[in-house]
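Summary of the model geometry
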Amino acid sequence: MSPQRPQRPSSPARRGPSRPRGRAGNAGRRRHEAVDEPAQRGPAEEIILAVGAPAHGGHCVARPADDPTGRVVFVRHALPGETVRAAMTEKNAKIWRADAVEILTPSPDRVDSVWPQAGPGGVGGGELAHVALPAQRTWKRWVLADCLRRIGGPATAQAVAALEEAGSSGSIVVEPLASEAAAEASGQAREARLAGTGTRTRVSLTVGPDGRPGMHGFRSGTVQPLDRLPLAVAAIEEIGLLESSRWRKHYRPGMRVEAVAPSIGEPLVLLDDRVLTSQAHATGRRRVEEAVDASGLGLGELRYSLHAEGFWQIHRDAPVTLVDRVVRAALGQEPSAAGTGGDGAKALGGARGKRVMELYSGAGLFTLPLAMLIDGGELCAIEGSSQAVGDARRNLHGLGSVRLSTGRVTARSVTQAGQAMGKAPDVVVLDPPRQGAGREVIGALAGLAPERIVLVACDPAALARDLAVLLDNRYELAAMSALDMFPHTHHFETIAVLERR
Ligand SMILES: C[S@@+](CC[C@H](N)C(=O)[O-])C[C@H]1O[C@@H](n2cnc3c(N)ncnc32)[C@H](O)[C@@H]1O
């Protein structure tokens, strides 16, 4: 997706110069107000930009249209190939940033935003809502390839390009999750247009000074009130957190409002530390129950119980997809991260008796199916949150040979856990937070010399860094897949499988 290689999706093309319609245009004007903080600064400087390739972080690399050799500007709310009028939002010696506020030459991939309040000058967290969903995945594919090349270095980029799944393009396709794939394949224009909305089972808001809940403006401390939550599942929209007077009376400026819609039972709402039902009644319930279909692994439905505020994969299809991919990648005979379906139980026939280490294990999303499949083997997991470890203990109750430790994942704790296992683990699964595991942890992990490592990454820059260290430490890349787990944002998830040389 670039001026040279524009993608042509099935989305309706917008012809001729146009302002982003409706609220996006208004949001553009609002942006000037945001830029004006403090108020005496005057209107934002505007600039005409020729927009180039997407870059990590949800923006594109652009240059002034009348000076293509000029300064690079990171522009949001634009698309590769467009010419836009942009309002500068940050300009200093290091970086220039801008928001596209008028689209002079629209890309065929531009659509009416599914979340105008996340448009120019709006809240963060929906920065690709103006991009057709297939083109969002192309955007992310480019960003992944760019991070692997720039941050991982030539050896990392070559290792990825050599994978069968990278195909002739040499890059990894970012796949839709089941809901989006079904909506896009439905043949229904409305369903396809709204694909990727209504998928988030967790939503986090802040109450603004006026008592209305909203989200922070992008790179701003100001809470902007919201009038819709288009990315949230219907069960959260229906609670009426934004408009209902029954909620307003509970709100105080600065309060955090978290809505949690588990796959089993009623949603819960957390107001700072208080837990309320979806009807705004106080409740002693602090836990939610989640069901994950692991029949593809021959395990049927898995049940999890966790604290409502605990970490859980946010897209409604993410737990089932990740469990299937990660467990197959860890315990399958073939080191594939790419495929789902097929006879999981057969593919996992060799799992019994395996020795597994899991880092950053949360409430046990992967730990439970791994422990069930290695029957007679050994599993050692490390997780930093004691609450999550308590949840995992409960979820794994009765499964033998599992050691769940609370503590930071560090080079030392990884080495000690390896020593405690006695013999090198057969496989290590790690799902670190956004910043990745880091050079030292990865180095210690490589020092344990497991046959296989499954690295789950939600940030392509961190993935590239961690991967480069593994490739330098006697591991080779065996498989990689990428999943569009955060539609309408720039985020996505990657699973890399490495084998010891
Ligand atoms: C991306 S989540 C993955 C959890 C689990 N795999 C899942 O999918 O539900 C990352 C987990 O790492 C934990 N964590 C973050 N930093 C950590 C650290 N330095 N040491 C140990 N755990 C950490 C968090 O508490 C969180 O549970």
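For every chain, the first residue of its written sequence is number 1, and the numbers climb from 1 along that sequence. Where local features are concerned, this predicted model is filtered to residues with pLDDT of at least 70; where side-chain atom pairs are given and counted, the filter is 80 or more; whole-chain, interface and lining totals use all residues. The side-chain quantities take in all heavy atoms of the structure and omit both hydrogens and water.

Another point: the overall build of the protein. Secondary structure counts use DSSP, requiring at least four H or I residues in a row for a helix and at least two E residues in a row for a strand, with both numbered from the N terminus. Assigned secondary structure in the protein consists of 14 helices and 21 strands. In the protein, the share of contacts with a sequence separation of at least 24, taken over all contacts with a separation of at least 6, comes to 62%. As presented, the protein carries roughly 20900 Å² of accessible surface, and 50% of it is formed by carbon and sulfur atoms. The contact criterion used is simple: two residues touch if any of their non-hydrogen atoms lie within 4.5 Å. Each accessible area is a Shrake-Rupley result for a 1.4 Å probe, and residues are judged covered by the shown protein chains and nothing else.

So, about the environment of Y360. You can see Y360 is positioned in the loop between strand 15 (355-359) and helix 10 (367-373). Note on exposure labels: buried denotes an accessible area under 20% of the residue type's maximum, exposed denotes more than 50%, and partly exposed covers the range between, all computed with a 1.4 Å probe on protein chains only. By relative accessible area, which is 17% here, Y360 ends up buried.

By definition here, a salt bridge exists when the distance from a side-chain nitrogen of Lys or Arg to a carboxyl oxygen of Asp or Glu is within 4 Å. For the structure shown, the criterion picks out 20 salt bridges. Among the ionic pairs, E90 bridges to R97, the shortest N-O distance being 3.0 Å. With relative accessibility at 22%, the residue E90 sits in the partly exposed group. D146 is the salt-bridge partner of R150, the closest N and O atoms lying 3.0 Å from each other. Highlighted residues: R150 and D146, both in helix 2 (residues 133-150), separated by four residues, approximately one helical turn. Beyond isolated ion pairs, a larger network of salt bridges with shared partners links E90, R97 and R219.

Only the six-membered ring of Trp is used, alongside the rings of Phe and Tyr, when aromatic pairs are assigned; centres must lie within 6.5 Å, and planes under 30 degrees apart are stacked while those over 60 apart are edge-to-face, with the rest tilted. Tallying each qualifying case throughout the model produces one aromatic pair. Above the face of the F218 ring, R76 is positioned so that its terminal group lies 3.3 Å from the ring centre. Positioned above the aromatic ring of W96, the side-chain terminus of K91 is 4.6 Å from the ring centre. Ring-over charges, as used throughout, are those where CZ of Arg or NZ of Lys falls within 6 Å of the ring centre and within 35 degrees of the ring normal.

Before going further, it helps to spend a moment on the nonpolar core. Counting 52 residues, the largest nonpolar core has Y304, V323, V326, L331, F366, L370 and V454 as its most contacted members. If near-sequence neighbours (up to four positions away) are discounted, V454 is found in contact with V326, A329, A330, V427, V428, V429, L430, I495 and A496. Put simply, buried Ala, Val, Leu, Ile, Met, Phe, Trp, Tyr and Cys residues joined by side-chain atoms within 4.5 Å make one nonpolar core.

For the rest of this paragraph, the subject is the packing of helix 2 against helix 14 (residues 460-471). How two helices pack is summed up by the angle between their axes together with the distance between the axes. Here helix 2 crosses helix 14 at 35 degrees, and the two axes come no closer than 8 Å. When you trace helix 2 past helix 14, the crossing you get is right-handed. Packed against helix 2, whose contacting residues are V143, L144, C147 and L148, the element helix 14 presents P460, A461, L463, A464 and L467 at the interface. Looking at the contact of helix 2 with helix 14, its residues break down into nine nonpolar, no polar and no charged. Here an axis means a line fitted to C-alpha atoms, over the contact stretch when the element is a helix, while the angle between two N-to-C directions is reported on a 0 to 180 degree scale. Handedness of each helix crossing follows the sense of rotation of the near helix against the far helix: counterclockwise by less than a right angle gives left-handed, clockwise gives right-handed. Charged means Asp, Glu, Lys or Arg here, nonpolar means Ala, Val, Leu, Ile, Met, Phe, Trp, Tyr, Cys or Pro, and polar covers whatever is left, Gly included.

Now for helix 2. Taking 1.5 Å of rise per residue, 18 residues should cover 26 Å, and helix 2 covers 26 Å from first to last C-alpha, within 8% of that figure. Among all positions of helix 2, only L133, A135, Q136, R137, T138, W139, K140, V143, L144, D146, C147 and L148 are buried. A helix is expected to span 1.5 Å for every residue after the first.

With that settled, consider the pairing of strand 12 (residues 274-277). The pairing criterion is simple: DSSP has to find at least two bridges between the two strands. As paired elements, strand 11 (residues 268-271) and strand 12 share four bridges and run antiparallel to each other. Counterpart to L268 in the pairing with strand 12 is T277. What sits between strand 11 and strand 12 in their antiparallel hairpin is a turn of two residues, with D272 showing a positive phi close to 50 degrees.

This next bit is on the site of the ligand. Near, as used in this document, describes a residue that has one of its heavy atoms within 4 Å of the molecule or strand being considered. The ligand sits among 16 residues. The nearest are Q313, E383, G384, V409 and D431. Distance and chemistry together define a polar contact, namely a pair of N or O atoms within 3.5 Å, with one atom able to donate a hydrogen and the other to accept it when in protein, and with adjacent residues in sequence counting only for side-chain atoms on both sides. At 2.7 Å, a side-chain N or O of Q313 approaches an oxygen atom of the ligand. Between V409 and the ligand, the recorded distance is 2.8 Å, taken from a backbone N or O atom to a nitrogen atom. Relative to its free-state accessible area of 600 Å², the ligand is covered by the protein chains to the extent of 85%. The residue inventory of the shell around the ligand, partitioned by class, reads seven nonpolar, six polar and three charged.

A few words on the UniProt feature "binding site: S-adenosyl-L-methionine" (unreviewed entry) in the protein. UniProt's feature table lists "binding site: S-adenosyl-L-methionine" (unreviewed entry) at Q313, Y360, E383 and D431, given in the numbering used throughout. Apart from the residues within four sequence positions on either side, Y360 is in contact with I382, E383, V409, L430, D431, P432, P433, A437 and V441. With respect to the secondary-structure elements, E383 resides in strand 16 (residues 378-383). E383 has contacts with Y360, S361, G362, A388, V389, S405, T406 and G407, leaving out every residue within four places of it along the chain. Within the structure, the side chain of E383 is placed 3.4 Å from the backbone nitrogen of S361, a separation counted as a polar contact. UniProt positions are given in the numbering used here, feature names are shortened, and annotations may be inferred rather than shown by experiment.

Another aspect to go through is the environment of T222. By the secondary structure assignment, T222 is in the loop between strand 8 (213-216) and strand 9 (223-225). Of the residues examined, T222 reaches a relative accessible area of 34% and is grouped as partly exposed. Through-space distance from the C-alpha of T222 to that of G208 is 7.9 Å; in sequence the pair is 14 residues apart.

Take the sheet that holds strand 8 next. Read from one edge to the other, the open sheet built from six strands follows the order 9-8-7-10-11-12, with strand pairing classed as antiparallel. Each edge of the sheet is formed by a strand with only one pairing partner; in this case those strands are strand 9 and strand 12. Neighbouring strand axes in the sheet, compared pairwise and without regard to direction, differ in orientation by 40 degrees on average. Examined bridge by bridge, strand 8 and strand 9 share three bridges and lie antiparallel to one another. Bridged to G214 within strand 9 is P225.

Across the interface, helix 12 (residues 411-421) lies against helix 13 (residues 439-448) with an axial gap of 8 Å and an inter-helix angle of 15 degrees. When the axis of helix 12 is compared with that of helix 13, the two are roughly parallel. With respect to the hand of their crossing, helix 12 and helix 13 are arranged in right-handed fashion. Residues A411, V414, T415 and G418 of helix 12 touch helix 13, and the partners they reach there are E440, V441, A444, L445 and L448. These descriptions rest on fixed angle ranges, namely under 35 degrees for roughly parallel, over 145 for roughly antiparallel, 65 to 115 for roughly perpendicular, and the rest for oblique.

This part takes up the sheet that holds strand 19 (residues 452-457). Judged by pairing direction, the sheet is mixed, and its eight strands sit side by side in the order 6-20-21-19-18-15-16-17 without closing on themselves. Looking along the sheet, the strands with just one partner apiece sit at the ends: strand 6 (174-176) and strand 17 (402-406). Adjacent strand axes in the sheet meet at a mean angle of 15 degrees when their direction is disregarded. Two strands pair when backbone bridges link them, and strand 6 and strand 20 (residues 475-484) are joined in this way by three bridges, in the parallel orientation. Residue pairing across strands places P176 opposite D484, the latter belonging to strand 20. The sheet strands contacting helix 11 (residues 386-395) are strand 16 and strand 17, and the helix crosses strand 17 at an angle near 165 degrees. On the sheet, helix 13 packs against strand 15, strand 18 (427-430), strand 19, strand 20 and strand 21 (493-500) and is oriented at approximately 160 degrees with respect to strand 18.

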